[in-house]
Amino acid sequence: MPSTTPSTSTTIATVPYLNSAPFFRGLALGEGHGLLASVPRELGAKAAAGTISAGLLPVVDYFRLEDQLQRVGPFGIAVRGRVRSVMLFSRRPIRQLEGATIAVTEETSTSAVLLRLLLEQRYKLAPKAYTKGQPPDAEALLLIGDQALKIQQTNTMYPYEIDLAFEWWLWQHLPFTFAVWAIRKDAAAEEKKSLELALSRALGVNSRELNVIAQEHEKTLGIPAAELQAYLSGFIYRLSQPEEEGIARFRSLVDEHHLL
């Protein structure tokens, strides 16, 4: 996946996770564009600072920056049910995490907010603390992306593996959208249209080649290609009305409980 630091006028943020590959593999942006790889948590800060012009932005950061950004087409990353790469690894069942110390990966933005909603509002729990990193005394650990996929292959420390998107689905009966494509509002109209067309073309090709993408990542992730293809097949990359309803519900709950 591209990860060059550009010196060009238009910088597009890429996300170095397998679930984002259908957008970025073969993405043809033309001259005058650069690509900058960032994990989700970094993207919001870079968008706010103007370091990036557009990117696959965590949905909570899009909420924060909606005055500066606008959506690019219907593009994003969502699931209806299990996601498999936003996981709470726990020593106890989720309903028994009252007073627990919860470790949260420093790569996450949206998933950390979703975790709080699930624990504090769905299950009415009050964890002792949410801490960064992976302290050894934590009763549970939130991981996302490829790291979450890989640890499931070797996990012996946490008997309970809780899929946060599935928990959301059971609670709200709506899809969960983790990220949306967004671009600065002050970008030129032709720039916005060009990016939308480039994303559409890349996604059109890659959605037919999920098996190839899976094979390309099999060795790096240490997971059989068939499993990776099934994983990629679970994502929705062109958002429709159910996804928009899920975004609206999530935003309403985030606002209601002052989680931004």
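For the structure, check the block above.
Keep in mind it's a predicted model, so treat the numbers as computed, not measured.

Student: Tell me about the sheet that holds strand β8 (residues 140-144), and name the residues and values.
Tutor: Within a sheet, neighbouring strands are paired by backbone hydrogen bonds and run either parallel or antiparallel to one another. With respect to topology, five strands assemble into an open sheet ordered β7-β6-β8-β5-β9, the strand pairing being mixed. Two strands lie at the open edges of the sheet, namely β7 (129-132) and β9 (160-163), each paired on one side alone. Each strand axis lies, on average, 25° off the axis of its neighbour in the sheet, ignoring direction. Pairing geometry for strand β6 (residues 101-104) and β8, over three bridges, is parallel. Note on β8: the bridge partner recorded for V104 is L142.

Student: Residue-level account of the packing of helix α4 (residues 110-122) against helix α10 (residues 241-256), with values.
Tutor: Running from N to C, α4 and α10 point in directions that differ by 70°, and their axes come no closer than 11 Å. Between α4 and α10, the interaxial angle falls into the category roughly perpendicular. In contact with T110, V113, L114 and L117 of α4, α10 contributes F250, L253 and V254. For the contact of α4 with α10, a count of residues per class yields six nonpolar, one polar and no charged.

Student: Explain the nonpolar core residue by residue, including any values.
Tutor: Core analysis: the largest hydrophobic core is formed by 86 residues, its most contacted members being F23, W181 and F250. In terms of residue count, the dominant contributor to this core is strand β10 (residues 176-184) (seven residues). Discounting residues that sit within four places of it in the chain, F23 has contacts with L56, F75, G76, I77, W181, L199, A202, L203 and Y237. M87, L141, A148 and Y158 belong to the second-largest nonpolar core, a separate cluster that totals eight residues.

Student: Got a sec to walk through helix α7 (residues 189-206)? Specific residues and values, please.
Tutor: Helix length check: α7, at 18 residues, gives a terminal C-alpha distance of 26 Å against a target of 26 Å (1.5 Å per residue), a fit within 8%. Within α7 the residues assigned to the buried category are E191, K192, L195, A198, L199, A202, L203, G204 and N206.

Student: Tell me what's going on with the sheet that holds strand β2 (residues 33-37), and back it up with residues and numbers.
Tutor: Pairing within the open sheet is mixed, and its six strands lie in the order β2-β1-β3-β10-β4-β11. With partners counted over all chains shown, the strands left at the sheet margins are β2 and β11 (235-238), one partner each. Looking at each pair of strands side by side, their axes are set apart by 30° on average, direction ignored. The sheet contact formed by strand β4 (residues 69-79) and β10 spans seven bridges and is antiparallel. Bridge assignment links A78 to a residue of β10, and that residue is T177. Most of the contacts of helix α2 (residues 40-49) go to strand β3 (residues 54-58), to which it runs at about 125°, and overall it touches β1 (10-14), β2, β3, β4 and β10.

Rules behind the numbers
The residue numbers shown here count from 1 along each chain, following its written sequence. At least 70 in pLDDT is required for a residue's local features to be given in this predicted model, at least 80 for side-chain atom pairs to be given and counted, and no such filter applies to totals for whole chains, interfaces and linings, which use all residues. Side-chain figures throughout are based on the complete set of non-hydrogen atoms in the structure, without hydrogens or water. The criterion for strand pairing is that DSSP finds at least two bridges linking the strands in question. Put simply, DSSP H or I for four residues or longer makes a helix, DSSP E for two residues or longer makes a strand, and each gets a number counted from the N terminus. Lines fitted to C-alpha atoms define the axes, with helix axes restricted to the stretch in contact, and inter-axis angles between N-to-C directions lie between 0 and 180 degrees. Note on terminology: angles under 35 degrees are roughly parallel, angles over 145 are roughly antiparallel, angles of 65 to 115 are roughly perpendicular, and the others are oblique. The criterion used for residue contact is that any of the two residues' heavy atoms lie within 4.5 Å. Ten residues, namely Ala, Val, Leu, Ile, Met, Phe, Trp, Tyr, Cys and Pro, are considered nonpolar, four, namely Asp, Glu, Lys and Arg, are considered charged, and the remaining ones, Gly among them, are considered polar. Think of a nonpolar core as a cluster: buried Ala, Val, Leu, Ile, Met, Phe, Trp, Tyr and Cys residues, connected wherever their side-chain atoms sit within 4.5 Å. When accessible area is computed with a 1.4 Å probe and restricted to protein chains, residues below 20% of their type maximum are described as buried, those above 50% as exposed, and intermediate ones as partly exposed. One less than the number of residues in a helix, times 1.5 Å, gives the span that helix is expected to have.

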